[in-house]
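# Structural overview
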Amino acid sequence: MGDDPHARAVAQDARDRLEGVPGLDPVPPAFLHLTTFVAGSADEITGDQVGVMAQEAAGQLARVEPFTVTLGRVLYDPEEVALEARPAERLRPLLEAAKFATRAATGRDGYLPHGSWTPHVAVAYSNADGPAAPVIEALGERLPDREVTIRSIHIVEQDDATATWRWRPMAEVRLGAS
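Here we summarise the structure given alongside this text. Residue numbers here run from 1 along each chain, matching the order of that chain's written sequence. Given that the model is predicted, a residue must reach a pLDDT of at least 70 before its local features are reported, and side-chain atom pairs must reach 80 or more before they are shown or counted; all residues, however, enter totals for whole chains, interfaces and linings. Hydrogen atoms and water are omitted, and side-chain values are computed over all heavy atoms in the structure.

## Some points on the layout of surface pockets
One simple way to see leftover space: roll a probe sized like a water molecule over the atoms. A cavity here means a set of 1 Å grid points, computed over protein atoms only, where a 1.4 Å probe fits but cannot escape. A pocket is an open set with protein on both sides within 12 Å along at least 5 of 7 lines, and lining residues have an atom within 4 Å of a point. Grid points are joined across faces, edges and corners, and a volume is the space filled by probe spheres set on the points. If you add up the space inside the second largest pocket, you get close to 320 Å³. Around the second largest pocket, the lining is made up of 17 residues, and of these S126, G130, P131, A132 and V135 lie nearest the centre. Runs of H or I in DSSP of at least four residues are treated as helices and runs of E of at least two as strands, each being numbered from the N terminus. By residue number, the principal contributor to the lining of the second largest pocket is helix α4 (residues 133–139), which donates 3 residues. For this classification, Asp, Glu, Lys and Arg are treated as charged, while Ala, Val, Leu, Ile, Met, Phe, Trp, Tyr, Cys and Pro are nonpolar and the rest, including Gly, are polar. Looking at the lining of the second largest pocket residue by residue, the classes come out as 12 nonpolar, 3 polar and 2 charged.

So this is what it looks like as structure tokens:
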């Protein structure tokens with residue numbers, strides 16, 4: 001997401017509105033992301049398995065062309081402030097490819113980060129307990145809608161379990177590529 005100018009713009013709008021609100025760590029533009037699926041912890045997955053995941057995901061996504069989703073509706077969670085990616089149905093092939101690739105590479109099922117799937121792009125993470133009112137007052141229910149183009153998915157290794165937005169790309173799978 002960090003390469004998409006529209007995603008960066010709407011996230012910057014959110015960061016600007018949230019400036020001065022305590023208890024939040026804004027997600028830097030380079031780390032904007034839409035988490036699709038968690039395959040497991042980095043110490044459980046080998047480099048060879050990452051290669052298999054990328055190959056299997058590429059096979060699943062070879063006929064899925066790049067597409068757009070809309071970011072704008074604000075979602076509030078005690079752990080993060082996010083923008084909903086809609087319609088979710090457009091993103092479903094990415095989720096299914098990630099599930100398939102994880103099972104094929106590791107022999108195990110991964111998991112959805114929040115238990116259920118609501119596609120979203122986090123713009124800030126909570127770093128302290130505090131009232132939600134200042135955050136809601138700053139952002140409201142929605143920001144101006146922005147169309148964002150999804151061109152690829154990445155397999156990433158998260159650097160630190162406490163830093164939910166810092167990772168290292170391990171593989172990229174382009175949509176519509178064989």
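The rest of the description comes next.
## A word on the nonpolar core
Of all hydrophobic cores here, the largest spans 50 residues; its most connected members are L61, F67, L71, L91 and L94. With 7 residues, helix α3 (residues 88–106) is the single largest residue contributor to this core. By convention a nonpolar core is built from buried Ala, Val, Leu, Ile, Met, Phe, Trp, Tyr and Cys residues, the set being connected through side-chain atoms within 4.5 Å. Relative accessible area decides the class of each residue, using a 1.4 Å probe on protein chains only: under 20% of the type maximum gives buried, over 50% gives exposed, and in between gives partly exposed.

## Focus: the packing of helix α2 (residues 47–61) against α3
Axis lines are fitted to C-alpha atoms, over the contacting stretch for helices. Their N-to-C directions set the angle, which ranges from 0 to 180 degrees. Packing of α2 against α3 leaves a shortest axis separation of 8 Å and a crossing angle of 140 degrees. Judged by the inter-axis angle, α2 sits oblique to α3. Seen along the crossing, α2 lies across α3 with a hand that is right-handed. Residues Q49, V52, M53, E56, A57, Q60 and L61 of α2 form the contact with α3, whose own contacting residues are P93, L94, A97, F100, A101, T102, A104, A105 and T106. Of the residues assigned to the contact of α2 with α3, the class counts are 11 nonpolar, 4 polar and 1 charged. Should an angle fall under 35 degrees it is called roughly parallel, over 145 degrees roughly antiparallel, and 65 to 115 degrees roughly perpendicular, with every other angle called oblique. Left-handed describes a crossing in which the near helix is turned anticlockwise from the far one by less than a right angle; the clockwise case is right-handed. Should any heavy atoms of two residues lie within 4.5 Å, those residues are considered in contact.

## Overview of the pattern of salt bridges
Pairing is possible between side chains of opposite charge, provided their charged atoms come close. Any carboxyl oxygen of Asp or Glu that lies within 4 Å of a side-chain nitrogen of Lys or Arg is treated as forming a salt bridge with it. Evaluation of the coordinates by the stated rule reveals 8 salt bridges. A salt bridge links R86 to D145; the shortest N-O distance between them is 3.1 Å. Residue R86 is located in strand β3 (residues 80–86), and its partner D145 is located in strand β5 (residues 142–150); the two are separated by 59 residues in the primary sequence. For R86, a relative accessible area of 25% gives the class partly exposed. The class of D145 is partly exposed, set by a relative accessible area of 42%. Salt-bridge contacts for D109 lead to R103; the nearest nitrogen and oxygen are separated by 3.1 Å.

## Side note on the environment of A122
Looking at the secondary structure, you find A122 in strand β4 (residues 120–126). A sequence separation of 47 residues divides A122 from L75, and the C-alpha atoms of the two residues are 8.9 Å apart. Those residues within four positions of A122 in sequence are excluded, and the remaining contacts are V27, L32, H33, E80, V81 and A82.

## Re unusual backbone geometry
The omega angle of the peptide bond from R86 to P87 is 0 degrees, so this bond is cis rather than trans. Residue placement: P87 occurs in the loop between β3 and α3.

## Quick notes on the sheet that holds β5
Reading across the sheet, the 5 strands line up as β1-β4-β3-β2-β5 and stay open at both edges, with antiparallel pairing between neighbours. The open sheet has two edge strands, β1 (24–26) and β5, and neither has a second partner. Going across the sheet, the axis of each strand differs from the next one's by a mean of 30 degrees, ignoring polarity. One requirement defines pairing of two strands: DSSP has to find at least two bridges between them. Pairing of β1 with β4 involves 3 bridges; the strand directions are antiparallel. In the strand pairing of β4, P26 is matched with A124. Here helix α1 (residues 5–18) sits on the sheet in contact with β1, β2 (67–76), β3, β4 and β5, set at roughly 150 degrees to β5. Running at roughly 105 degrees to β2, α3 makes contact with β2, β3 and β5 of the sheet.

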